[in-house]
Amino acid sequence: MLQTLVRNKSIGFGVIAIIVLSGLGIVLPAYWTQLLTRVLIMALFASSLNLQVGYAGMLPLGHSMFLGFGAYSFGLLFIKGDLLLIPALLAALFISIAASTIVGYLCLRGDPMTFGLLHLGFNIFLSTLINKWIRFTGGDSGIMGIPRPSLFSDTLRFYYFVLAAVSICYILMRILIKSPFAKVAQGLRENEERLRFLGVNIRRFQLVLFMISGFFAAVAGILLAMLDKGVFPAYISLTRSAEGLMMCLIGGMSSFLGPSLGAAIVVIISTVTSTYIYQWQGLLGIIIIACVIGFRGGILGGRRTQSKL
Amino acid sequence: MILNTIDLVKDFGSLRAVNQVSLEIEAGEVRAIIGPNGAGKSTLLDLITNRSHPTSGRVYFRGKEISHLPAFTIASRGIGRCFQISKLFPGLTTFENIQIACISRWGKVYNMYSSKNNVLDHKIMNILDSIGLDKIVYELAGTLSYGDQRRLEIGITLAMMPTLLLLDEPTAGVSRSEGNDLMRLVKKLATEQALTIIFIEHDMDMVFNYADKISVMHQGQVIATGKPDEIRNNNLVQNVYLGERAS
């Protein structure tokens, strides 16, 4: 067992990370456990975004849409649709995949800039719709009363629930990024035209990647709704989309764990530091500037070699 | 006949870059396309591979019309393309460059579970060996010498196992000896894999040494097609292009 872990560094690191995170749940006070839960969820959100940004070189400027799709469809199905928790969860995932397919189909037409701007346009439209359609979405107040699974209702148990869900998603993503599909995604990032002349249908490929990325973001959205026991327009805001990009940029897009580290930094700065520093956004800005100038590949970035990605 | 074009025309605004070009390429042939800069040679390759849509005219590959097909479908039907400026995956290693081509060729683009490290390794190494890059498999493609980049692009294209290979100035920017090595390699691989080759070239020694037939373009039109000796002695070709170069 130990030899296997040593031989396969990824598995070994994953197992150690899960053990350490499980232990932290026991030793940390409730406030920090809750914060760590948020870090895990946002790490999943950032990693889902990085599938597009870091691996395939796409620039989705409105990725919070998919966090919002997951959270709102789950909240609406449970509160307004009177579905039970599990059916609401499954239906929310299905709706999120369908929505990401439609949005992806409409956004993926032409060059990366067109894609980015269309993506941003959809984000703005949906964000406005959610804010203004008060009777359906609750507007600024959001939707309250989102439940957690009954077995995992307290802070510590919910933390383990999130840890398990995020770990499963990470394992799936890790398998994905070791697959031929991810290698082709890197080819897309490096030279789209060469890939086209190798017989790859670029638009279809991007759409599939878009759906996968949207699925993981939707899972993060559902978990976030459970954590906050409600769904709020901030989930789908442009600020949240920008935060996702910041997490990838700060942590490092060329590393699997880079966005997760970025998520931890952004969540801690925006939650903890904001208690002590009034202008905490300024601190975030300075970190981004430092990353762009000093660490071009982010904290876990660096020179691309075959061992990475 | 593996490829024929019928009255291909390409207009860029008021400029007619390709004018009523009809070509017939036999299977196994090595065809050179020559002509002065701006004659429409690269545009013709763009039209064949649908990198650029023809204004009018048709392209047939193995008897089937391909003019309306997207570039990726044309590539998967067996037309490989090397560009005037190498199109590689610069941030990936030489191994990974070939690997992506093999993944596409063997229909594994949407394979999301098997480890990439085990996919087609043997085939990839064979290709790297055949193009002489087997000693630098972990070098990033963007850091290779220009000659090696040309070799790698040929390798990427060959990994798709095309039946027709289009090469746009394969020896441009490399030394005479490197150019000869490259063309010898192409000719050898073409013979081994029963490839048909169309190549654009400005170096007349290369053209006359390696081409079975030559088509000469001038101002968007094909003004002559024939065997190397016929082209060398063609008065019209002498006047508009070869001049003193071939005498």
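Here's what I pulled together on the structure shown here. (Residues numbered from 1 in each chain as written. Chains lettered and ligands numbered in written order. Predicted model: local features only at pLDDT ≥ 70, side-chain atom pairs only at ≥ 80, totals over all residues.)

What follows concerns the interface of chain A and chain B. Taken together, the contact pairs 25 residues of chain A with 30 residues of chain B. Put simply, the parts of the chain that give the side of chain A that touches chain B at least two residues each are helix H8 (155–177), helix H9 (180–190), helix H10 (192–196) and helix H11 (202–228) of chain A. Counting residues per element, the side of chain A that touches chain B draws most heavily on H9(A), which supplies eight residues. Split by residue class, the side of chain A that touches chain B holds eleven nonpolar, seven polar and seven charged. (Contact = placed C-beta atoms within 7 Å. Helix = DSSP H or I, 4+ residues; strand = E, 2+ residues; numbered from the N terminus. Nonpolar A, V, L, I, M, F, W, Y, C, P; charged D, E, K, R; others polar.)

A few words on the sheet that holds strand S6 (residues 79–82) of chain B. All names here are of chain B. The strand order S6-S7-S8-S3-S9-S10 describes an open sheet built from six strands, whose pairing is mixed. A single partner strand is all that each edge strand has here, and the edge strands are S6 and strand S10 (221–226). Pairwise comparison of adjacent strand axes, ignoring direction, gives a mean angle of 15° for this sheet. Examined bridge by bridge, strand S3 (residues 30–34) and strand S8 (residues 196–200) share four bridges and lie parallel to one another. Residue pairing in the sheet places Ile-33 in a bridge with Ile-200 of S8. Running over the sheet, helix H1 (residues 41–48) touches S3, S6, strand S7 (164–168), S8 and strand S9 (213–218) and is turned about 150° from S7. Helix H5 (residues 146–159) rests against S6 and S7 of the sheet, and its axis sits at about 170° to S6. (Pairing = 2+ DSSP bridges. Axes fitted to C-alpha atoms, helices over the stretch in contact; angles between N-to-C directions.)

A few words on helix H3 (residues 30–55) of chain A. Residues and elements named next belong to chain A. Helix length check: H3 (26 residues) gives 36 Å between terminal C-alpha atoms against 38 Å at 1.5 Å per residue, within 8%. Remark: the principal bend of H3, roughly 40°, maps to Leu-49. With 20 of its 26 residues buried, H3 lies for the most part within the structure. Gly-57 sits one or two residues past H3 and shows a positive phi near 70°. (Expected span 1.5 Å × (residues − 1). Bend = angle between axes of the 7 residues up to and from the residue. Buried ≥ 20, exposed ≤ 12 C-beta atoms within 10 Å, placed from the backbone.)

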